[in-house]
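Close look at the chain arrangement
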Amino acid sequence: MKRPRIVVGIKWVPNTQAVRFDPKTGTLIREGVPSIVNPHDLDAIELALKTREKYGGEIIVVTMAPPGAEEGLRHVIGMGVDRAILVSDRVFAGSDTLATSYTLAKTIERIGRVDLVFFGQETIDSSTAHIPAQVASWLDLPYIYYVESIEKLELKENKVVVKRKLEDRYEWYEVELPVVIGVAMHSNPPRPISLTNKLRAVTEKPIEVWTNKQLGLDPRCIGLRGSPTIVSKVTWQPEIPRKRKIYQGNPKEAVKWLIKHLEEEKVLP
Amino acid sequence: MATKFDAIVVGAGPAGATAAYKLAEAGIKTLLVERGRGRGSKQVFGGRIYVTPVREVFPDVEKTAPIHRWVKREKISILHNSRILSLEYESPEKHSFTTYLTEFTSWIVDKAINAGAVYVDEVRVDSIVEEDGRITGIEAGGERIEASIVIDAEGVNRLLLEKLGLAERLSPEEVALGAKEVIKVGADKINERFGLEEDSGLAWLLVGEPTDYLPGGAFIYTNRDSVSIGVVVYLATAVKKAREEIYRLVEKLRLHPQLRQYWEDGDIIEYSAHLTIESGRRFMPRKLATSGLIVVGDAAGLLLNTGYTFRGVDYAVYSGYLAAEAAKKAFNLGDFSEETLRENYEKKLLGSFIAKDLRNHTGVEQIMHEVEFFEKYPVVAIDTARKLFELGYETPRIQEALRSSLKTHHINLLSFLYKMFKMVRKL
Amino acid sequence: MSSRESGNQQLLKIQRIDDLLQRNLWDVDHRPHIVVDTSRCTDCEYKPCVLLCPAGCYTLVDSKLLFSYEGCLECGTCRTVCPREAITWNYPVSGRGVLYRFS
Ligand SMILES: Cc1cc2nc3c(=O)[nH]c(=O)nc-3n(C[C@H](O)[C@H](O)[C@H](O)COP(=O)(O)OP(=O)(O)OC[C@H]3O[C@@H](n4cnc5c(N)ncnc54)[C@H](O)[C@@H]3O)c2cc1C
Ligand SMILES: Cc1cc2nc3c(=O)[nH]c(=O)nc-3n(C[C@H](O)[C@H](O)[C@H](O)COP(=O)(O)OP(=O)(O)OC[C@H]3O[C@@H](n4cnc5c(N)ncnc54)[C@H](O)[C@@H]3O)c2cc1C
Ligand code: SF4
């Protein structure tokens, strides 16, 4: 029987909680800020693992990032992913979403047969949510986002039914494979790291590093040169001083108290 | 899949990481498992490490360890009623240094990895597996890995040893809680304000007001460009006598009118808390090894707290080293029995400077439990000093000043002298 | 991204525990690693956890005990001082919880 091949794209991002703003110099303080796997991408990993539990197959994680991202790849291999590809080369530096999605699309093409391509909903450090749509567009594949679950996967008939969640309703889509799927944030809380999987990540070297030697992409389409986006200005939203009223008492009274205060603050009409 | 190792070390603190390093260096196939992410991310201590025992294990410590400053000034102070009575000591020698334990531990873990140990982070070990009276491996999330020997370096919260029945559930009498803030001030400002040279540092211990007169103490250490300040309270008394939250005590220390000038324009970059052992001797498990298992570091009760010195990290490193030596012998003999491990580890440890230290200072630890010592004596000391130094018309003799202070606080002179005598003898 | 400014005037007064905890790096799990059976707390006179938890995880609301695990510093104090054995205590899994860098 044919088994699905699932690719999951993840991004290695600075842990933005730790980034602080220096009002004196107007710059970001990045000292001691470690990177993490974009948290919303772990929902995509979890959905891929659930899909593999049900239908078998293989999960390949892809990230375009500097070498330090291997730590993040070991984290998701620890969750159970089969193998990982780190797309890393100096020529990819400075990529905007267009160049990033192009590089990722070419990487996915090179992997060979792929049935499902999962991404997170958006990143915590840029949150454009461009990448999945752009990858789908480069690969000329259908794209569905805010997906919560894979309802039915029929490889023989080459189709999948997915459920997605909108603010006021659920929708079910039946689409042809392969398909690019943006997984809704918080929809699939990640499972714990397993001892044997993490051990495999460390001892069996399941991470491949692909440079542009393997990919052979036109330098005009990648990195800074392939990035038409111009950041003209970055400003900081100053912190709004919080009023900090604390209610001590029973929950029923608390609700009344809260509504009253929110009305006074004109938060509620 | 490789699910069999020669040795498994649980917990990558200074004790576990050192054991793994020494084992791997000897060509023993070693797995080091740590629950935290990356290296050292669950590590908290006060601020300084004594270098001599560490140097014996890591001869390159002075060259390659993340040393912030060499402690060249020691200060002990009593704080009460806006008055400070201090004892200061200065030395040009490099006997101890300040650092972040997170950094120091990473340094050892890196060594272990470079020596060939397999390091697995982000995995919490759920139990140490015992089969037919012999330790055979570890279990995490329902998965098992086997080894000929397991080294337990889990630290002060001995969940794993408790499960094995080798340690009792923690009781408040055995431990103290430390809470700490690290404040980034800048190297130049630290040098200027504390009057320090480029690479020299200060270790400052305080009693009285900073712990709200609870048994314990407060500490201030200067790091490269930051200051670590914190409060340690013994849980046994704190349970009954604490009047406010421990983090408020740390905050009050930070904002203390006579201390804040050192760091007040700085930024708090971390707030942490950790338990520490109150009396190493009492905390020590009945046995430090069983068939296939060796216990090291805090888990083995290797901590000395005399009120003016705090030694745990150097003991942890040294015990990790002794454990690796014992394990190496066991591999040579092909014998992992309790007798062999106790003979080669426990006996060595109990004959080492660590056990000697712990035995020597049992008396001081007893005094440290006396509430009076923290509640009344700081007040008497400050009161006496006040009478001696803050003069109006009359100039009292020391004896008079002391006597009248004792009287104000309803303390009998004889019992006071007896206690002082007892303490000096025990120190 | 937090826009908390460094070295600001705010620090000149006693910080609330939430603000102190904000200084740290976290990766909080969605599953609690500590579970408290608060039904055992009603007749506990001292409730030592409230003053001694260094992270202020135990609070009294309407004289009832409320526990939240999110700010836990994983010290083990509550487990030690609880006179009612109401606490099922463990460390977080997968490297989650607090991530110290400068301690
Ligand atoms: C206004 C603006 C200006 C920018 N300017 C620059 C610039 O000048 N130079 C520069 O270097 N960067 C710049 N960036 C950042 C860069 O464009 C993005 O970080 C990057 O292209 C990915 O976009 P994103 O983070 O918004 O991802 P999203 O589109 O929000 O990510 C959605 C999903 O795509 C996947 N994904 C995202 N990135 C990767 C990846 N690298 N590998 C694998 N999967 C991935 C993940 O699954 C993620 O959840 C800018 C961003 C913005 C918003
Ligand atoms: C407030 C305070 C101040 C101190 N000041 C000093 C000082 O100035 N100088 C000094 O020398 N000592 C000091 N100490 C003592 C010192 O910190 C300890 O003695 C030392 O850290 C013990 O090292 P260890 O390796 O035995 O344990 P730890 O450092 O506690 O390391 C144990 C490791 O095991 C991991 N672990 C635990 N359980 C598991 C599990 N189930 N699975 C996987 N991993 C696990 C933990 O995450 C941790 O990394 C202080 C302690 C405190 C609390
Ligand atoms: S372990 Fe420590 S920080 Fe966590 S809830 Fe208990 S007392 Fe509070």
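In case you missed it, the structure is sitting above this.
First, a word on what this report is: a plain description of the structure on this page. In this text, all values refer to a predicted model and were calculated from it rather than measured experimentally.

Turning our eyes to something else, we now look at the site of ligand 1. Residues and elements named next belong to chain A. If you check the shell around ligand 1, you find 27 residues, and the closest are Gly9, Lys11, Asp41, Thr128 and Ala129. In this structure, Ile10 approaches ligand 1 through a main-chain N or O atom, which is 3.3 Å from a nitrogen atom. Here Asp96 contributes a backbone N or O atom positioned 3.4 Å from an oxygen atom of ligand 1. In the complex, 79% of the free accessible area of ligand 1, which totals 940 Å², lies under the protein chains. Residue assignment for the shell around ligand 1 shows that the elements contributing at least two residues are strand 6 (58-64), helix 3 (97-111) and helix 4 (131-139). Residue composition of the shell around ligand 1, by class: 9 nonpolar, 13 polar and 5 charged.

To continue, consider the packing of aromatic side chains. All names here are of chain B. Overall, the coordinates contain 21 aromatic pairs over all chains when judged by the stated rule. With centroids separated by 5.9 Å and ring planes inclined at 85°, the aromatic side chains of Trp204 and Tyr262 adopt a geometry described as edge-to-face. Separated by 58 residues along the polypeptide, Trp204 in strand 12 (residues 200-208) and Tyr262 in the loop between helix 8 (246-254) and strand 15 (267-277) bring together distant segments of the chain. For the residue pair Trp204 and Tyr262, the accessibility class agrees, reading buried in each case. An aromatic cluster of at least three residues, connected via ring pairs, comprises Tyr21, Phe58, Trp70, Phe97, Phe104 and Trp107. Above the face of the Phe283 ring, Arg158 is positioned so that its terminal group lies 3.6 Å from the ring centre.

As a structural note, the neighbourhood of ligand 2 is formed by 38 residues, with Glu34, Gly46, Arg48, Val125 and Asp298 of chain B the closest of them. Ligand 2 is flanked by residues contributed from chains B and C. Between Val125 of chain B and ligand 2, the recorded distance is 2.9 Å, taken from a backbone N or O atom to a nitrogen atom. Between ligand 2 and the protein, one listed contact pairs an oxygen atom with a backbone N or O atom of Val313 of chain B at 2.9 Å. Considered on its own, ligand 2 offers 1,000 Å² of accessible surface; in the complex 97% of this is hidden by protein. Elements supplying a minimum of two residues to the shell around ligand 2: helix 1 (14-25), strand 15, strand 19 (310-311) and helix 10 (313-333) of chain B. It is strand 15 of chain B that provides the largest number of residues to the shell around ligand 2, a total of 3 residues. Grouping the constituent residues of the shell around ligand 2 by class yields 19 nonpolar, 11 polar and 8 charged. Residue contributions to the shell around ligand 2 reach at least three from each of two domains, namely domain 1 (4-68 + 101-169 + 279-361) and domain 2 (173-277) of chain B.

Along an α-helix, residues three or four positions apart point the same way, because every turn accommodates 3.6 residues. Residues and elements named next belong to chain B. Spanning 12 residues, helix 1 covers 16 Å between terminal C-alpha atoms, matching the ideal 16 Å at 1.5 Å per step. Counting buried positions over the 12 residues of helix 1 gives 11, a clear majority of the element. Within the span of helix 1, buried status applies to Pro14, Ala15, Gly16, Ala17, Thr18, Ala19, Ala20, Tyr21, Lys22, Leu23 and Ala24. The secondary structure elements touched by the buried residues of helix 1 are strand 1 (4-10), strand 2 (30-33), helix 2 (51-57), helix 4 (101-114), strand 10 (143-152) and helix 10. Looking one or two residues past helix 1, Gly27 carries a phi angle of roughly 80°, positive in sign.

The next thing to look at is a nonpolar patch on the surface. Residues and elements named next belong to chain A. Nonpolar side chains collect at one region of the surface, where Val255, Ile259, Val267 and Leu268 lie side by side and expose about 320 Å² of accessible area between them. In this structure, Leu268 sits in the segment after helix 7 (251-264). Under the relative-accessibility criterion, Leu268 is labelled partly exposed at 33%.

So, on to the sheet that holds strand 13 (residues 207-210) of chain A. Residue and element names in this part refer to chain A. Read from one edge to the other, the open sheet built from 9 strands follows the order 11-10-9-12-8-1-6-7-13, with strand pairing classed as mixed. Looking at which strands have only one partner, the edges of the open sheet turn out to be strand 11 (170-176) and strand 13. The average undirected angle you get between the axes of adjacent strands in this sheet is 30°. The pairing of strand 9 (residues 143-154) with strand 12 (residues 179-183) spans 3 bridges and is parallel. Residue pairing for strand 12: Val147 is matched across the bridge by Val183. Across the sheet, helix 1 (residues 39-55) is in contact with strand 1 (5-9), strand 6, strand 8 (116-119), strand 9 and strand 12; its angle to strand 9 comes to roughly 10°. Contacts between helix 3 and the sheet are confined to strand 1, strand 6, strand 7 (83-87), strand 8 and strand 13, with strand 6 contributing the most and set at about 150° to the helix.

Reading the values: rules and limits
Residues numbered from 1 in each chain as written. Chains lettered and ligands numbered in written order. Predicted model: local features only at pLDDT ≥ 70, side-chain atom pairs only at ≥ 80, totals over all residues. Heavy atoms only, no water. Near = heavy atom within 4 Å. Polar contact = N/O pair within 3.5 Å; in protein donor to acceptor, adjacent residues only side chain to side chain. Areas by Shrake-Rupley, 256 points an atom, 1.4 Å probe, with all protein chains shown as cover. Helix = DSSP H or I, 4+ residues; strand = E, 2+ residues; numbered from the N terminus. Nonpolar A, V, L, I, M, F, W, Y, C, P; charged D, E, K, R; others polar. Phe/Tyr/Trp six-rings, centres within 6.5 Å; stacked < 30°, edge-to-face > 60°. Buried < 20%, exposed > 50% of the residue type's maximum accessible area, 1.4 Å probe, protein only. Lys NZ or Arg CZ within 6 Å of the ring centre and 35° of its normal. Domains from an automatic or database assignment. Expected span 1.5 Å × (residues − 1). Contact = heavy atoms within 4.5 Å. Patch = residues over 30% accessible without salt bridge, like charges linked within 9 Å, V, L, I, M, F, W, Y side chains within 5 Å. Salt bridge = Lys/Arg side-chain N within 4 Å of Asp/Glu carboxyl O. Pairing = 2+ DSSP bridges. Axes fitted to C-alpha atoms, helices over the stretch in contact; angles between N-to-C directions.

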